[in-house]
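# Results of the structural survey
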Amino acid sequence: MDLITNLSLGFGVAFTPINLLYAFAGCLLGTLIGVLPGIGPVATIAMLLPATYALPPVSALIMLAGIYYGAQYGGSTTAILVNLPGESSSVVTCIDGYQMARKGRAGPALAAAGMGSFFAGCVGTLILAAFAPPLTELAFKFGPAEYFALMVLGLIGAVVLASGSLLKAVGMIVLGLLLGLVGTDVNSGVARFSFDIPELTDGIGFIVIAMGVFGYGEIISNLARPADDREVFTAKVTGLMPTKQDFKDMAPAVLRGTFLGSALGILPGGGALLAAFAAYALEKKMKMKPGEVPFGQGNIRGVAGPESANNAGAQTSFIPLLTLGIPPNAVMALMVGAMTIHNIQPGPQVMTSNPELFWGLIASMWIGNAMLIILNLPLIGIWIKLLTVPYRYLFPAIVLFCAIGVYSTNNNNWDIWMVGIFGVIGYLFIKLGAEPAPLLLGFILGPMMEENLRRALLLSRGDWSTFVTRPLSASLLAAGVLLLVIVLLPAVKNKREEAFVED
Amino acid sequence: MNIKSQRDFFSGLMFMCVGGAFAWGATTYNIGTGARMGPGYFPLMLGVLLAFIGAVITFKALVVETVGGDKIGKWAWRPLFFIIAANVVFGVLLAGVPALKIPAFGLIVGIYAVTFIASMAEPGWTFKKTFILATVLAVGSYLAFVVALKLQFPVWPSFITG
C-alpha cells in the first residue's frame, strides 16, 4: 500500500523529538494567542511567523501547522465564551456555543468542540493522505481556465451557504474581489486604486479588513445593544465534561460535520468557513429529538457539527494548497508565504521533489490535533474563568489587541488607520444587513482570479468559449451553475431561508 | 415612492456607488482586449457588475414588500466614535506621526490611552476601574508582546529613551 509507506515516511519525519517539540510549542503558543479575543488564526500566524524563520523548513512548517490548529481552537474558545469569533469559520460556533455558555454549560461546549475537532482532524488527515497523490496527478492537467472555473465554483459555494439575501452576498463577493485588486498589478506594474499612497501599492492587508470588519464592527454593534442583552449568564457553570446524553447527541453531528467538512474543504475559497456554515445548516435541518434544546438556544449539536466540519475543512483545505499551489483561504496564503521564505514553491511538484516535507507535514497535522486535545481538555476550567470577566473590561482589551496585532504585522502606523476605516465600514455592513464573510473570500481570491482569467484568455487568444470547451473547466462551471439552480428552486429556497433564520 | 426595505435600498446604493467608482477608476488605466488584458480590464468588468447588482437590489427594495420595512435603526454614534478614536489615538501615540511632529509615546502610554478612550464608549465607566484595567493590560502586554514574543515596538516615549 502506497498510503501506508507514505504515511510511515511522514511519521518518521514528524516523530523526531525535536519536531514533536516544535509541534507542541506551536500548539501551545497558538492556543495562548488565539484565545485572546479578536485575534484569530490569521493574526496569530502572522505574528508568530518570524519566530519560525530560523528553523529548518520541515520543522518550521510543522510548527506553523501547530500554531494554526492551536489558534483555531483558541478562536472557537472565544467564540463560545465571549461570543466573539476569532475568525470567520467560528462565526456559527458563536450561535449555540455562546448560548450554552450562558446557561452554564461552557464546559461541555468546549469539550464538544475539542473532541469533535480531534475526530474530524484524524479523518481529515487520512483523506488528505489518500487523495493528495491522485489529485496531484489531476493538478497537472489544470490550466488557467480550470483554475478560474474552480474559483468561480468556490465563490458560488460561498454565496449559496451565506445567510440572508443571495444577491447581497454576491454583491459582497464582487466588492471583495475589487478590494483585492487594490495595489500593484503584477503584469503591468501599474499601481491600481492606490491614490499615490505608497502603502496602498502593496494592497490592503487581509488582517486589516478582518480585524476592522469583524473585530471593531462587532464591538460597536455589541455596545449599541442595551447592556442586559449581552452579559447575563443565567446559570452557574455546571460540570466541565459533557454528559452521556451530550455524547449521544453530538456523535452523529460530529460524523456529519466531518463528512461535510472534508468534502467542502477541498473547494478553494471555502475551506473551513464554508464547511462550518454548511454543517450548521445541515444540523438545523435534522429532525429534533423530543426534549432537545432548540437551535440558537444552546444545542450541543450546533457546536459539535460546525466545529468538526471546520476542522475537517481546515485539514482538507491543505489539499488545494499542496496539490494546486493555490491557497484556499487567508491562513493558507500565509503558509504559502512561509514556504516561499524557505525556498519551497507550493504546487504539484512539492510531493515529488520534497516527499519528506510533504508527508512530514501531513503526519504532523495529526500530531498537532492530538496535542491540541491533550493540551486543552485539562485547561477548559481555566478558559471558563474568562467568563467572569464582564464585557466592560473585555472590549477595551479587544480594541487594544486588535490595534497591537495590526501594527505588529508590518510595524507600520498605516495599518492602524486602515483598520479604523474598516471598523466604520464593518459597522455599516452590519447596519445594512450585508454579510462580511463573502467579502473576505472575494478579497483573497481577487488577484488570483484576475491572473488566471488573463492567462486563460491569452492562451485562447481572447476567446471566452475556452471555459466551456475544455472539459474540466466546463464540468467545474456546470457544477457551479447546478448549485445555483438548486438554491434558486422555490422549494429549496424556502428551506434555505428557514435554515438561516436566527433563533 | 415608498422604500420597502430600507436596509436593502441603502446596500444597493452602496454597491452602485462603489461599483461605479471602481469602474470609473478602472477607465483611467489601460483596458486592453480580452486576449491582452490591461490593468483596467478586470476591475472595469467587476465594477460594472457590482453597480448592476446594486441596481437590482435597490430596485427590489422599492418593489418587494418586507415586514416592518426592514429599518436600519439608530446609529450607535457613541461606541462608533470612541472605539475608532481609541484605535487612532493608539496609532498616533505608539509610533508618533513625524509629519505632524508628534513624537512616539510608546506602547505603555498608548495602552492607557486606548483603555480610557475605549471604556468611554459605554456609559457608566469609572476612573478607578478603568485605571486598574489599563495597568493590568499594560503589564500583560509588555510581558506577552515585548518580553515573550519580542515584537518590535517603541515601548517608552522616544524623548525619554532618546
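Heads up: the structure comes first, above all this text.
The structure presented is a predicted model; accordingly, all values stated were derived computationally and were not measured.

Here we come to the overall build of chain B. Secondary structure assignment for chain B yields six helices and zero strands. For chain B, the N- to C-terminal ordering of α and β elements is α-α-α-α-α-α. Computed over its C-alpha atoms, the radius of gyration of chain B comes to 24 Å, more than 25% above the 15 Å expected for a compact globule of 162 residues. Its C-alpha atoms put chain B at 60 × 50 × 30 Å along the principal axes. Taking as baseline every contact in chain B between residues at least 6 positions apart, the subset at least 24 positions apart corresponds to 67%.

A separate point is the interface of chain A and chain B. Listed by partner, the interface residues are 52 residues for chain A and 53 residues for chain B. Taken together, the elements giving at least two residues each to the side of chain A that touches chain B come down to helix H8 (166–181), helix H9 (206–224), helix H18 (391–410), helix H19 (413–432) and helix H20 (437–459) of chain A. Here the side of chain A that touches chain B takes 11 residues from H18(A), the largest share from any one element. A breakdown of the residues in the side of chain A that touches chain B according to their chemical character gives 35 nonpolar, nine polar and eight charged.

Residues and elements named next belong to chain A. With a phi angle near 55 degrees, Arg 461 is a residue other than glycine that sits in the positive phi range. Counting through the fold element by element, Arg 461 comes out in the loop between H20 and helix H21 (466–469). Judged by the 11 C-beta atoms lying within 10 Å of it, Arg 461 falls in the exposed class.

This paragraph deals with the nonpolar core. Formed by 204 residues in total, the largest nonpolar core has its most connected members in A:Phe148, A:Ile173, A:Val399, A:Ala403, B:Ile83 and B:Val114. If you count residues domain by domain, this core takes at least three from each of domain 1 (6–70) and domain 2 (77–161) of chain B. Once you skip the residues sitting within four places of it in the chain, B:Val114 turns out to touch A:Pro396, A:Val399, A:Leu400, A:Ala403, B:Ala86, B:Val89 and B:Phe90.

A few words now on the packing of helix H10 (residues 244–265) of chain A against helix H12 (residues 301–316) of chain A. All names here are of chain A. Across the interface, H10 lies against H12 with an axial gap of 7 Å and an inter-helix angle of 30 degrees. Judged by the inter-axis angle, H10 sits roughly parallel to H12. With respect to the hand of their crossing, H10 and H12 are arranged in right-handed fashion. Considering only residue class, the contact of H10 with H12 consists of 10 nonpolar, 12 polar and three charged.

In this section: helix H2 (residues 17–34) of chain A. For H2(A), which comprises 18 residues, the first-to-last C-alpha distance of 25 Å matches the rise-based estimate of 26 Å (1.5 Å per residue) to within 8%. If you check which residues of H2(A) are buried, you get A:Asn19, A:Tyr22, A:Ala23, A:Gly26, A:Cys27, A:Leu29, A:Gly30, A:Thr31, A:Ile33 and A:Gly34.

Quick look at helix H1 (residues 2–14) of chain A now. Residue and element names in this part refer to chain A. A rise of 1.5 Å per residue sets the reference length of H1, with its 13 residues, at 18 Å; its end C-alpha atoms lie 18 Å apart and thus fit the reference within 8%. Buried within H1 are the following residues: Asn 6, Gly 10, Val 13 and Ala 14. Seen end-on, H1 carries its buried residues on one side only, within an arc spanning 95 degrees. Away from the buried face of H1 by more than 90 degrees, exposed residues Ile 4 and Thr 5 are located. In this structure, the buried residues of H1 make contact with H2, helix H4 (57–82), helix H6 (106–139) and helix H16 (355–376).

Parameters at a glance
Residues numbered from 1 in each chain as written. Chains lettered and ligands numbered in written order. Predicted model: local features only at pLDDT ≥ 70, side-chain atom pairs only at ≥ 80, totals over all residues. Helix = DSSP H or I, 4+ residues; strand = E, 2+ residues; numbered from the N terminus. Rg over C-alpha atoms; globule rule 2.2 N^0.38 Å. Contact = placed C-beta atoms within 7 Å. Nonpolar A, V, L, I, M, F, W, Y, C, P; charged D, E, K, R; others polar. Buried ≥ 20, exposed ≤ 12 C-beta atoms within 10 Å, placed from the backbone. Core = buried A, V, L, I, M, F, W, Y, C linked by C-beta atoms within 7 Å. Domains from an automatic or database assignment. Axes fitted to C-alpha atoms, helices over the stretch in contact; angles between N-to-C directions. Parallel < 35°, antiparallel > 145°, perpendicular 65-115°, else oblique. Left-handed = near helix turned anticlockwise from the far one by under 90°. Expected span 1.5 Å × (residues − 1). Arc of directions from axis to C-beta.

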